[in-house]
Amino acid sequence: MKTLRVGLGERSYDILIERGILRRAGEFVASKGGKAMVITDSNVAPLYLGTVAESLRGAGLQVRSVTMPAGEKSKSFSSLPRLYSLALDFGLTRSDVVVTLGGGVVGDLGGFMAATYMRGVRFVQIPTSLLAQVDSSVGGKVGVDLPEGKNLAGAFHQPACVLIDPDVLDTLPPYYVADGMGEVIKYGCIKDRALFETLEEINGDRERLFEHIEQIIYTCVDIKRLVVERDERESGERKLLNFGHTYGHALEKIRHYELSHGAAVAAGMEHITRISESRGQTVPGCAERIGRVCRAFGLDLQARADIDEIVAAVRNDKKSSGEGLDVVLLHDIGSAYTFRTTPEYFRG
Ligand SMILES: NC(=O)c1ccc[n+]([C@@H]2O[C@H](COP(=O)([O-])OP(=O)(O)OC[C@H]3O[C@@H](n4cnc5c(N)ncnc54)[C@H](O)[C@@H]3O)[C@@H](O)[C@H]2O)c1
Ligand SMILES: [Zn+2]
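Because the structure is predicted, anything quoted here is derived from the model rather than measured.

## Here's the deal with the domain arrangement of the protein
Where interface size is given, it is often the accessible area lost as the parts come together that is meant.
Here's step 1: Under the domain assignment used here, the protein contains domain 1 (2–171) and domain 2 (174–347).
Here's step 2: When each unit is reduced to the centre of its C-alpha atoms, the spacing between domain 1 and domain 2 is 26 Å.
Here's step 3: Counting residues at the interface gives 20 residues for domain 1, matched by 19 residues for domain 2.
Here's step 4: For the side of domain 1 that touches domain 2, the secondary structure elements donating two or more residues are strand E1 (2–6), strand E2 (13–17) and helix H5 (130–136).
Here's step 5: No other element matches the 5 residues that H5 contributes to the side of domain 1 that touches domain 2.
Here's step 6: Classifying every residue of the side of domain 1 that touches domain 2 gives 13 nonpolar, 4 polar and 3 charged.

In structure tokens:
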């Protein structure tokens, strides 16, 4: 088993990565009896809920599960009243635990419910999508969408622990594997040249990717852990994780979320690197390599939008303060920095 500890004082927690850890979930969730409310979704429940629930019961926990319809729509503010009611009906108290079993939707929704129910109960993340395993389950950002937009109500609530079972990725549809690879490639770009080169070598081969996946997840989580430890509330270093995301978010919004987040971020990483190269701010050749590796892993870089629309959307984005905008650029593959500019930068 690979273990990483996120050191955040009294909010510190372990991230455990092991094939088959789902079957041992009870060992890590229960320190002393009590109740576990498992929040999952309609795709994940038939595959893995039985295994997890059995393990939790085996550890002496009383278990109640809630299965949300799969998809972003469930990560809605309007899902919360039902979750609170079910928790109250179950008699969940502050000494009990919420377990989120699923992708980023379930993790963000269940985490927000746990952050707010009775002013905060413990929660354990069991991420089952690649994106959730390498990104959303680590860092303590939880939240829901409002009718006006995504992630508009949220909190920082660190999990009590994160259990990552790479074996569950066997059932993850290829579209979502590619989606998660967008973030994996991003970690290589900003912090880890060796990871990027491993991805270049694997060149999109699913079988070889899955042979290496445990180590790849570990590497990505370790990078996110370090960044989160140094900057829990995203004032400085955590911004580096936004590489490709300013353009990516704009593109997602303009295209009404019809393309995957990973594909949008891939387009963003390539676009901004092409510009920074042309301005002499990045070693030449990086954009080409990023584009090649993204395409190899099934991320379509064709998705573009009118640059006027992109600039306008970036202006409206919450991450730009006034006219100034911090963008993340690469010195070279594996090394990133922030650069203060304006949304006009995206015109090249
Ligand atoms: N909190 C954070 O820091 C953070 C970071 C990035 C993204 N997010 C959020 O994460 C969400 C996206 O996460 P996601 O891509 O995991 O979406 P998701 O939770 O919708 O999962 C993607 C799809 O895969 C299915 N699935 C998950 N695991 C599976 C498995 N093992 N086998 C078969 N099917 C499986 C799900 O049912 C769903 O259909 C967004 O809402 C985004 O805002 C949060
Ligand atoms: Zn992202």
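So that's the structure; there's more coming.
## Considerations on the nonpolar core
Here's step 1: Of all hydrophobic cores here, the largest spans 107 residues; its most connected members are Ala-36, Val-38, Val-52, Val-98, Val-99 and Cys-189.
Here's step 2: When residues of this core are assigned to domains, at least three fall in each of domain 1 (2–171) and domain 2 (174–347).
Here's step 3: Dropping the residues within four chain positions of it, Val-99 is found in contact with Val-29, Ala-36, Val-38, Phe-123, Val-124 and Ile-126.

## Looking at the site of ligand 1
Here's step 1: If you check the shell around ligand 1, you find 29 residues, and the closest are Asn-43, Gly-103, Gly-104, Ser-129 and Ser-136.
Here's step 2: Those elements giving two or more residues to the shell around ligand 1 turn out to be helix H2 (44–58), helix H4 (104–116), H5, strand E8 (149–156) and helix H6 (174–191).
Here's step 3: Partitioned by chemical class, the residues of the shell around ligand 1 number 10 nonpolar, 11 polar and 8 charged.

## Comments concerning the pairing of strand E10 (residues 325–332)
Here's step 1: Across 7 bridges, the pairing between E10 and strand E11 (residues 335–341) is antiparallel. Its bridge partner lying in E11, Val-327 is registered against Phe-339.
Here's step 2: The hairpin formed by E10 and E11 contains 2 residues between the paired strands, and Gly-334 there has a positive phi angle of roughly 100°.

## Some remarks on the packing of helix H10 (residues 261–278) against helix H11 (residues 286–296)
In a pair of packed helices, the angle between the axes and the distance between the axes together describe the arrangement.
Here's step 1: In contact at an axis separation of 8 Å, H10 and H11 are set at 165° when each is read in the N-to-C sense. In terms of orientation, H10 and H11 fall into the roughly antiparallel class. Taken as a pair, H10 and H11 cross one another with a handedness that is left-handed. On H11, the residues that touch Ala-266, Met-269, Glu-270, Thr-273, Arg-274 and Glu-277 of H10 are Cys-286, Ala-287, Ile-290, Gly-291 and Cys-294.
Here's step 2: Looking at the contact of H10 with H11 residue by residue, the classes come out as 6 nonpolar, 2 polar and 3 charged.

## What to know about the sheet that holds strand E9 (residues 161–164)
For sheets, the rule is that strands pair by backbone hydrogen bonds, running either parallel or antiparallel.
Here's step 1: Strand order in the open sheet formed by 7 strands is E1-E2-E9-E6-E5-E3-E4, with mixed pairing between adjacent strands. This sheet does not close on itself; its edge strands, each paired only once, are E1 and strand E4 (62–68). Here the average twist between neighbouring strands, direction ignored, is 15°.
Here's step 2: Two strands pair when backbone bridges link them, and strand E5 (residues 97–102) and strand E6 (residues 122–127) are joined in this way by 6 bridges, in the parallel orientation. Across the sheet, the residue bridging to Val-98 is Phe-123, located in E6.
Here's step 3: Each of E1, E2 and E9 touches helix H8 (residues 206–230); the most contacted strand, E1, lies at about 10° to it.

## Examining the pairing of E6
Side-chain positions along a regular strand alternate between the two faces of the sheet.
Here's step 1: Extensive coverage of E6 is indicated by the burial of 6 of its 6 residues.
Here's step 2: Since E5 and E6 lie parallel, the crossover through H4 that links them has a hand, and here it is right-handed.
Here's step 3: With 2 bridges connecting them, E6 and E9 associate as parallel partners. The residue bridging Gln-125 from the neighbouring strand is Val-162, located in E9.

## Points about H10
Here's step 1: The first and last C-alpha atoms of H10 sit 26 Å apart over 18 residues, in line with the 26 Å expected at 1.5 Å per residue.
Here's step 2: The element H10 is largely enclosed, with a buried count of 14 among its 18 residues.
Here's step 3: With its phi angle positive at about 75°, Gly-280 sits one or two positions after the end of H10.

## Considering the packing of helix H9 (residues 245–254) against H10
Here's step 1: Where H9 meets H10, the closest approach of the two axes is 7 Å, and the angle between their N-to-C directions is 130°. Taken as axis vectors, H9 and H10 run oblique relative to one another. Regarding H9 and H10, the two cross each other, and that crossing is right-handed. In contact with His-245, Thr-246, Tyr-247, Gly-248, Leu-251 and Glu-252 of H9, H10 contributes His-261, Ala-264, Val-265, Ala-267, Gly-268, His-271 and Ile-272.
Here's step 2: The class makeup of the residues in the contact of H9 with H10 is 6 nonpolar, 6 polar and 1 charged.

Rules and cut-offs
- Residues numbered from 1 in each chain as written.
- Chains lettered and ligands numbered in written order.
- Predicted model: local features only at pLDDT ≥ 70, side-chain atom pairs only at ≥ 80, totals over all residues.
- Domains from an automatic or database assignment.
- Contact = placed C-beta atoms within 7 Å.
- Helix = DSSP H or I, 4+ residues; strand = E, 2+ residues; numbered from the N terminus.
- Nonpolar A, V, L, I, M, F, W, Y, C, P; charged D, E, K, R; others polar.
- Core = buried A, V, L, I, M, F, W, Y, C linked by C-beta atoms within 7 Å.
- Buried ≥ 20, exposed ≤ 12 C-beta atoms within 10 Å, placed from the backbone.
- Near = placed C-beta within 6 Å.
- Pairing = 2+ DSSP bridges.
- Axes fitted to C-alpha atoms, helices over the stretch in contact; angles between N-to-C directions.
- Parallel < 35°, antiparallel > 145°, perpendicular 65-115°, else oblique.
- Left-handed = near helix turned anticlockwise from the far one by under 90°.
- Right-handed = clockwise from strand over helix to strand, strands pointing away.
- Expected span 1.5 Å × (residues − 1).

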